[in-house]
Amino acid sequence: MAKTWRFAAKRGAAAWAALLCSGMAVAQTVELKTWNIHPPGYPVTQALEFFADAIASGTGNRYTVKLHSNGVLGDQPKAVQMMKRGEIDLAEFSLSPLSEAAPGAKVLTLPFLFRDAGHMYRQLDGKLGERFSQTLRRAGYVVLGWYDGGARHFYCANHRVRGASDFSGLKVRVQQSETAIHMVKLLGATPVVMPYREVLDGLKTGAIDCAENNLPAYESTGHMSVAKFVFLSSHTVTPEALVMSAKAWDALGEADRQVFLDAGRRSAERMRELWKTRTEQARQAAGKQGTQFFAMEDYGPIVNRMKPLYEGYFKDPVTRQEMLSILAD
């Protein structure tokens, strides 16, 4: 009887050991590949690092976020395709690929739509953001947080720009964006589509008179060494988004989904504060190097010039609804 009991005990211990080993296998860490185009130390990168820490802590290290920064996995168009194929799990994207998936989001690229970042946050943290999130979810993206893409301003070499009439005849570098090209034409200037890496030389040689971007980009690229006149137009205030692939999201349990949503929201709040600080630092650094800043005191004349651009979006019932929602705030 004793031998039988000892044999049964051994078998029971073995069964428990097997069960524990099986449980350990189930609890193995899942590594989530994450794309980011920005370098270390950049506000977006810092916010993503915060997000990674929150996920590891919130899931007891069952999930870890492996951050691939500086675009080492490829440029944004490639990253979009990688996410669609399930090759990356998370990414911080600008608005372009998101507006392709959610046509109504194109309205967010319109100039002079948001008054400032605070106005944008109220909309995206509210019903507007919820509508875009639902549309993007159907397209395969799960929005975890809305980041700040920065307010863009015009800056020029040898030309003081203070209002709409001062753009006449100038050559202004823009992104390959239908909206940006149309905007510059309506200002009476000539849009020049040029790779970003060529902008500094373009300003030096006179191939372009002006460019437009956010202040941290203006300062960190050295554009401030040539283009000493900044027109604080805030002509576009656009969001970026931390998104998760629907495939990776669907693999999460309900409790883990809440962890990811909470971490995404808090990382977005962190990014916004970091961006605000970085923008002020850039402005102060540029000012010390001789940059002159000109505020736009009267939006009327310049906004009136944008009417042909707005009309096209207003004819579309989808974008019209979003425009009215934003302008009513």
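Further up the page is the structure itself.
Bear in mind that the values here come from a model prediction, so they are computed numbers and not experimental data.

(A) Summary view of the overall build of the protein chain. Check the secondary structure of the protein chain and you find 14 helices and 9 strands. Dimensions of the protein chain along its principal axes, counting C-alpha atoms only, are 100 × 45 × 30 Å. When the 329 residues of the protein chain are sorted by exposure, 48% land in the buried category. Partitioning the intrachain contacts of the protein chain with sequence separation of at least 6 by distance along the chain shows that 75% fall at a separation of at least 24.

(B) How the structure looks around the nonpolar core. Within the largest apolar cluster, 58 residues are counted, with the highest numbers of intra-cluster contacts made by Phe93 and Leu108. If near-sequence neighbours (up to four positions away) are discounted, Leu108 is found in contact with Leu95, Leu113, Phe114, Leu124, Leu128, Phe132, Val237, Thr238, Pro239 and Ile326. By size, the runner-up hydrophobic cluster in this structure holds 26 residues, among which are Tyr42, Val142, Leu252 and Phe260.

(C) Representation of the pairing of strand E8 (residues 229-245). The element E8 is largely enclosed, with a buried count of 17 among its 17 residues. In terms of strand pairing, strand E3 (residues 90-93) meets E8 through 4 bridges, oriented antiparallel. Pairing of Leu90 across the sheet is with Met244, part of E8. The pairing of strand E4 (residues 141-156) with E8 spans 12 bridges and is antiparallel. In the sheet register, Trp146 faces E8, and the bridge partner there is Ala241.

(D) Just the packing of aromatic side chains, in detail. Enumeration according to the criterion identifies 9 aromatic pairs in this entry. Relative to Phe93, the ring of Trp35 lies with its centre 5.4 Å away and its plane at 45°, an arrangement referred to as tilted. A residue pair is termed long-range when its members are at least 10 positions apart, and Trp35 in strand E1 (residues 30-35) and Phe93 in strand E3 qualify at 58 residues. Residues Tyr155 and Tyr218 carry aromatic rings whose centres are separated by 4.7 Å and whose planes lie at 50° to one another, so their mutual orientation is tilted.

(E) Representation of the packing of helix H2 (residues 43-58) against helix H11 (residues 254-288) in the model. Where H2 contacts H11, the axes come no closer than 8 Å and their chain directions differ by 155°. Here H2 is positioned roughly antiparallel relative to H11, judged by the angle of their axes. Read as a crossing pair, H2 and H11 show a hand that is right-handed. Contacts between H2 and H11 pair Pro43, Val44, Gln46, Ala47, Phe50, Phe51, Ala54, Ile55 and Gly58 from the former with Val259, Phe260, Ala263, Gly264, Arg266, Ser267, Arg270, Met271, Leu274, Trp275 and Arg278 from the latter. Across the contact of H2 with H11, the residue classes break down as 13 nonpolar, 4 polar and 3 charged.

(F) Expanded view of helix H13 (residues 307-314). For H13, the complete set of buried residues consists of Leu309, Tyr310 and Tyr313. One side of H13 carries all its buried residues, which in axial view fall inside an arc of 95°. Among the structural elements, helix H7 (178-186), helix H12 (300-304) and helix H14 (317-327) are those in contact with the buried residues of H13.

(G) Examining the state of the cysteines more closely. In total, this model carries 1 disulfide according to the counting rule given. In this model, Cys156 is linked to Cys210 through a disulfide, with the two sulfur atoms separated by 2.1 Å. Here the disulfide of Cys156 and Cys210 is right-handed, its torsion about the S-S bond being about 105°. In this pair, Cys156 is assigned in strand E4 and Cys210 in strand E7 (residues 210-213), connecting sequence segments 54 residues apart. Of the two residues, Cys156 and Cys210, both sit in the buried class.

(H) How the structure looks around the environment of Ser99. One can find Ser99 in helix H4 (residues 95-101). Classification of Ser99 as buried rests on a relative accessible area of 9%. Distance from Ser99 to Phe132, taken between C-alpha atoms, is 9.3 Å for residues 33 residues apart in sequence. Beyond its immediate sequence surroundings of up to four residues, Ser99 is in contact with Ala105 and Lys106.

(I) Broad picture of the pairing of strand E2 (residues 63-68). As paired elements, E1 and E2 share 6 bridges and run parallel to each other. Its bridge partner being in E2, Glu31 is matched across the sheet by Thr64. Traced from E1 through H2 to E2, the parallel crossover comes out right-handed.

(J) How the structure looks around H7. Taken together, the buried positions of H7 are occupied by Thr179, Ala180, Ile181, Met183, Val184 and Leu186. Among the structural elements, E4, strand E5 (171-174), strand E6 (190-193), E8 and H13 are those in contact with the buried residues of H7. Immediately downstream of H7, the backbone of Gly188 shows phi near 90°, a positive value.

Parameters at a glance
Residues numbered from 1 in each chain as written. Predicted model: local features only at pLDDT ≥ 70, side-chain atom pairs only at ≥ 80, totals over all residues. Heavy atoms only, no water. Helix = DSSP H or I, 4+ residues; strand = E, 2+ residues; numbered from the N terminus. Buried < 20%, exposed > 50% of the residue type's maximum accessible area, 1.4 Å probe, protein only. Contact = heavy atoms within 4.5 Å. Core = buried A, V, L, I, M, F, W, Y, C linked by side-chain atoms within 4.5 Å. Pairing = 2+ DSSP bridges. Phe/Tyr/Trp six-rings, centres within 6.5 Å; stacked < 30°, edge-to-face > 60°. Axes fitted to C-alpha atoms, helices over the stretch in contact; angles between N-to-C directions. Parallel < 35°, antiparallel > 145°, perpendicular 65-115°, else oblique. Left-handed = near helix turned anticlockwise from the far one by under 90°. Nonpolar A, V, L, I, M, F, W, Y, C, P; charged D, E, K, R; others polar. Arc of directions from axis to C-beta. Disulfide = S-S within 2.5 Å. Right-handed = clockwise from strand over helix to strand, strands pointing away.

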